[in-house]
Amino acid sequence: MRKSKASASGPLIRTESDQVIAIDGPSASGKSTLARMLAVELGWIYVDTGAMYRTFAWWCAALGLDVSDERVVAAELARWHTRLLCTDGQVHLLVNGYLPQNEMRTQATAEAASKIAVHPRVRRWMVARQRECVRFGALVMEGRDIGTRVFPEAAWKFFIEASMEARRERRGGPSAGGDLAGRDHRDSQRRGDPLMPALGAIRIDNSAETPNQTLKRLLKIVRDSGGELR
Ligand code: DC
């Protein structure tokens, strides 16, 4: 076990953050694919925090709530029944026992998630649930604020980037991916925990790489610093 907190005067102390790899980056940067592959390679648990924001945005939209209205959606946070479930190496957020899947992956839900994620009360609720995930084991968690807010002391922090051209291409061509620039702007300019590289994060530009090539780079960094020992 490396990276435990050690000092000349005290014993090694193992903290929850030693069990976390934080991966942040913009939409369509390839971070989800990478995080999922990394978790499988290491036998760790994968957490897609964007899916949590999407679930809430989808739920609010289905109820006909205005996702731009913080007061309205915050009231729903106090009402909805949710549960974190860890299955097949991945954590899911269930709402009323239901796991939304395809309905979460539409352009409309992506837009709504980006809008709902600007509200501080929504972010507080999400961050609390995301921190709870350590009870499931060692985590590879991806999102926008994992290294800056959710687990600022994570043992490994990566910031994944790619050119706009590469990101559009991955979403299916030059005009695909909806309003990526608009979501970038909203995600990186919001007041609460905007998207940015965390202090000490390793920045990885994968524009010219396949997922496997980037995975190898990440695995090397993690393994060279003892990440398989737990
Ligand atoms: O990663 P994604 O595209 O599924 O995320 C959907 C939206 O959720 C994204 O536009 C911003 C928001 N989000 C966030 O604000 N913080 C996170 N940790 C993850 C996602």
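Above this text is the structure in question.
Residues numbered from 1 in each chain as written. Predicted model: local features only at pLDDT ≥ 70, side-chain atom pairs only at ≥ 80, totals over all residues. Heavy atoms only, no water.

Caption draft 1: View of helix α9 (residues 211-224). In this model α9 runs 20 Å from its N-terminal to its C-terminal C-alpha over 14 residues, within 8% of the 20 Å that 1.5 Å per residue would give. Among the residues of α9, those classed as buried are Thr214, Leu215, Leu218, Leu219 and Val222. All buried residues of α9 project into a common sector of 135° when viewed along the axis, lining one side. Projecting away from the buried face of α9 at angles above 90 degrees are the exposed residues Lys216, Lys220 and Asp224. Phi turns positive, to about 85°, at Gly226, one or two residues after α9. (Helix = DSSP H or I, 4+ residues; strand = E, 2+ residues; numbered from the N terminus. Expected span 1.5 Å × (residues − 1). Buried < 20%, exposed > 50% of the residue type's maximum accessible area, 1.4 Å probe, protein only. Arc of directions from axis to C-beta.)

Caption draft 2: Just the site of the ligand, in detail. Among the 16 residues in the neighbourhood of the ligand, the closest are listed as Arg54, Arg123, Arg144, Asp145 and Arg190. Here Thr49 contributes a side-chain N or O atom positioned 3.0 Å from a nitrogen atom of the ligand. Arg54 places a polar side-chain atom, nitrogen or oxygen, 2.6 Å from an oxygen atom of the ligand. Those elements giving two or more residues to the shell around the ligand turn out to be α2 (49-62), α4 (107-116) and α8 (180-189). Residues belonging to the shell around the ligand are distributed by class as follows: four nonpolar, four polar and eight charged. (Near = heavy atom within 4 Å. Polar contact = N/O pair within 3.5 Å; in protein donor to acceptor, adjacent residues only side chain to side chain. Nonpolar A, V, L, I, M, F, W, Y, C, P; charged D, E, K, R; others polar.)

Caption draft 3: Inspection of the sheet that holds strand β6 (residues 90-95) at higher detail. With respect to topology, seven strands assemble into an open sheet ordered β5-β6-β4-β7-β3-β8-β9, the strand pairing being mixed. The open sheet has two edge strands with one neighbour each: β5 (82-87) and β9 (202-205). Neighbour to neighbour, the strand axes of the sheet diverge by 25° on average, direction disregarded. Bridging between β5 and β6 involves six bridges; their strand directions are antiparallel. (Pairing = 2+ DSSP bridges. Axes fitted to C-alpha atoms, helices over the stretch in contact; angles between N-to-C directions.)

Caption draft 4: Representation of the environment of Ile23 within the structure. The topology assignment puts Ile23 in strand β3 (residues 20-24). In this structure, the C-alpha to C-alpha distance between Ile23 and Arg203, residues 180 residues apart in sequence, is 10.0 Å. Those residues in contact with Ile23, other than ones at most four positions away along the chain, are Lys31, Ala35, Leu38, Val140, Met141, Glu142, Gly143, Ile146, Phe158, Ile160 and Leu218. (Contact = heavy atoms within 4.5 Å.)

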